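Observations on the three-dimensional arrangement
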Amino acid sequence: MTLLDASRWSGQIFSSGWKAAHGGVRSVVEPATGDELERIGLADATDIAQAAEAAAQAQHGWAEASFQERAAVLRRAGQLFEQHADEFIEWIVREAGGIPPKGQFEVGIAAEECYQAAALPAHVLGAILPTTEARLSLAKRVPVGVVGVISPFNFPLILGIRSVAPALALGNAVLFKPDPRTAVCGGVSIMRVFEEAGLPPGLLQLLPGGAEAGEALVTHPLVRVISFTGSTPAGRKVGELAGRHLKRAHLELGGNSALLVLDDADVAKAASAGAFGSFNHQGQICMTTGRHLVHDRIADEYISVLADKAAHLPVGNPAKDPVALGPVIDAHQRDRIHELVTSSVAGGARLRAGGTYEGLFYQATVLDQVQPATPAWSEEVFGPVAPVMRFSSDDEAVALASAGEYGLSLGIITRDPMRGLALAERIPTGIVHINDQTVNDEPAAPFGGVGASGTGSRFGGPDANIEAFTDTRWITMRGEVPPYPF
Ligand code: NAD
């Protein structure tokens, strides 16, 4: 039997075991064909409340389990991702519309997230503090209790596991709400891995659902920390609700990341990097290169190489053909992309490639003659669209790159890396890549954005994960009760 055999989970959620949901069922649809692949359960507020109670109960024993026991579960989870990689990749291709290399990348990162999380339980989790009293004074990191994880559709496996794995490793229970459009490759897959890895029941609950389920999760009193990855508008709502309920919320939100191509750049290499940054996974990546800023002197050549690449990238069903771009996730997303492209062209931008679609297959698109107010430049498109703007001085490039509310990732391409680094220092962003495009992810790196891209919190690496998924407790100990004047 395969790990993802649907007879176990079809039409269900996981709440201390696979079961029917109060919220009903939903079709799992393949975007490339419109076919129903399977069905999943949809959690509502009742399901979330039941799952939260069970999670809170199970969490105490898990926090008290030895660090070796927790680490062993995480190591087994990493091995299972590797052993069953082909199954996960097939679901990412069919359910999320990713090309196979995207699936391989996601599964590889998922395994690595588990292995790195396996080291967390044995990590130093405290400090001995100076004190003027005759006592031992300690700061200790303790689990927060129940963590709520809410994830989006685009890289559903990575964006779920990057919170689920460290939160569990550090002794928490997790209520996990994936996007219902990718609830198998980004939800059932993680749930089945931890079930098979021997995670005790109740510690991870899988509760697919939409905004309503997400809000029920954020407001449930037993959920103490929220890890949210998604759009800036939804993140604002989650942040507001979490604030009202006095909960910590880690918000990883949208972006409109700039790639600066300086006058000394190798144009062929820069355009290749730029094409990958904008068109990888149909541009549905938070770090997608959403704005190309190219020096006047090389802009004509850059745009013509980029447009030529865009025109030749094959678009189609990644489960059938060796394509570079698969479908976008749904018609709503496609219509938004097309509206941003057509309104940009109506406003004076020049279409150099793409701008058309068939079904959910949107052609790689390049826009020239772009102004700061061009919609495809000023807004996050979340589609395969590369708007290009020209600049003539470093100061102008800094001003253009810094405009806008987002601050997730930044790429600078130049033969002079120190010049690139000096420019980057002047632009607000959470992530910088000198001589690379904007899309990069590694489990050991502290991932996150500033401004409207998030709260500045970070995932990745032991420091960020311990900060995100534990609370600090101050502890003192004396041999005897001291005398008091009362
Ligand atoms: P979205 O915000 O609509 O949905 C993301 C998740 O939040 C889904 O699970 C959804 O069901 C849930 N949700 C929606 N409204 C909610 C609410 N009011 N309360 C609680 N949960 C709610 O995002 P999307 O448009 O599907 O995904 C794309 C967005 O995610 C883009 O803006 C992209 O940049 C961003 N993103 C950010 C990162 C990052 O790490 N910074 C990574 C990937 C995607």
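Points about the packing of aromatic side chains
The final tally for this structure, using the stated rule, is 6 aromatic pairs. Measuring from ring centre to ring centre gives 5.9 Å for Y357 and Y362, while their planes differ by 20°; the resulting arrangement is stacked. Classification of Y362 as buried rests on a relative accessible area of 1%. The ring of F155 carries the charged tip of K102 above its face, separated from the ring centre by 4.2 Å.

Topic: the pairing of strand β10 (residues 223-229)
When a strand is regular, its side chains alternate between the sheet's two faces. Burial of β10 is extensive: 6 of the 7 residues sit out of reach of the surface. Sheet topology places strand β7 (residues 146-150) next to β10; 5 bridges connect them, and they run parallel. Note on β10: the bridge partner recorded for V147 is V225. Bridge analysis of β10 against strand β11 (residues 248-252) gives 5 bridges, and the strand direction is parallel. Residue pairing for β11: S227 is matched across the bridge by H250.

Structural notes on unusual backbone geometry
Keep in mind that most residues, glycine aside, have a negative phi and that most peptide bonds are trans. Phi at L246 takes a positive value of approximately 55°, unusual for a residue other than glycine. Relative to the elements of secondary structure, L246 occurs in the loop between α9 (232-244) and β11. For F382, which is not glycine, the phi torsion reads 60° and is therefore positive. Counting through the fold element by element, F382 comes out in the loop between α13 (375-378) and β18 (385-391).

So, helix α4 (residues 85-96)
With 12 residues, α4 extends 16 Å from end C-alpha to end C-alpha; this agrees with the ideal 16 Å at 1.5 Å per step. Judged by how many residues are buried, α4 sits mostly within the fold: 9 of 12 residues are covered. Those residues of α4 not exposed but buried are A85, E87, F88, I89, W91, I92, V93, E95 and A96. Positive backbone phi, at 75°, marks G97, one or two positions downstream of α4.

Re the pattern of salt bridges
Under the definition given, this model contains 21 salt bridges. Where E30 meets R94, a salt bridge forms, and the shortest distance between an N and an O atom there is 2.8 Å. With a gap of 64 residues between them, E30 in the loop between β3 (25-29) and β4 (36-41) and R94 in helix α4 connect regions that are remote in the sequence. Overall, the relative accessible area of 2% leaves E30 in the buried class. On the basis of relative accessibility, which here comes to 29%, the residue R94 falls in the partly exposed class. Here R390 makes a salt bridge to D300, at a shortest N to O gap of 2.9 Å. Residue R390 is found in strand β18, and its partner D300 is found in helix α11 (residues 296-312); the two are separated by 90 residues along the sequence. Beyond isolated ion pairs, a larger network of salt bridges with shared partners links D263, D264, R297, D394 and R419.

Each value, and the rule that gives it
Numbering of residues starts from 1 in each chain and follows the order in which that chain's sequence is written. Given that the model is predicted, a residue must reach a pLDDT of at least 70 before its local features are reported, and side-chain atom pairs must reach 80 or more before they are shown or counted; all residues, however, enter totals for whole chains, interfaces and linings. Side-chain numbers here rest on the full set of heavy atoms in the structure, without hydrogens or water. Here a pair means two rings of Phe, Tyr or Trp (six-membered ring of Trp) with centres within 6.5 Å. Their orientation is stacked below 30 degrees between planes, edge-to-face above 60, and tilted elsewhere. Each residue's exposure class comes from its accessible area (1.4 Å probe, protein chains only) as a fraction of the maximum for that residue type: buried when under 20%, exposed when over 50%, partly exposed otherwise. Both a distance and an angle decide whether a charge sits over a ring: NZ of Lys or CZ of Arg must be within 6 Å of the ring centre and within 35 degrees of the ring normal. A run of H or I in DSSP counts as a helix once it spans at least four residues, and a run of E counts as a strand once it spans at least two, with each numbered from the N terminus. By definition, two strands form a pair when at least two bridges between them are found by DSSP. To estimate the expected span of a helix, subtract one from its residue number and multiply by 1.5 Å. Between Lys or Arg on one side and Asp or Glu on the other, a salt bridge is scored when a side-chain nitrogen of the former is within 4 Å of a carboxyl oxygen of the latter.

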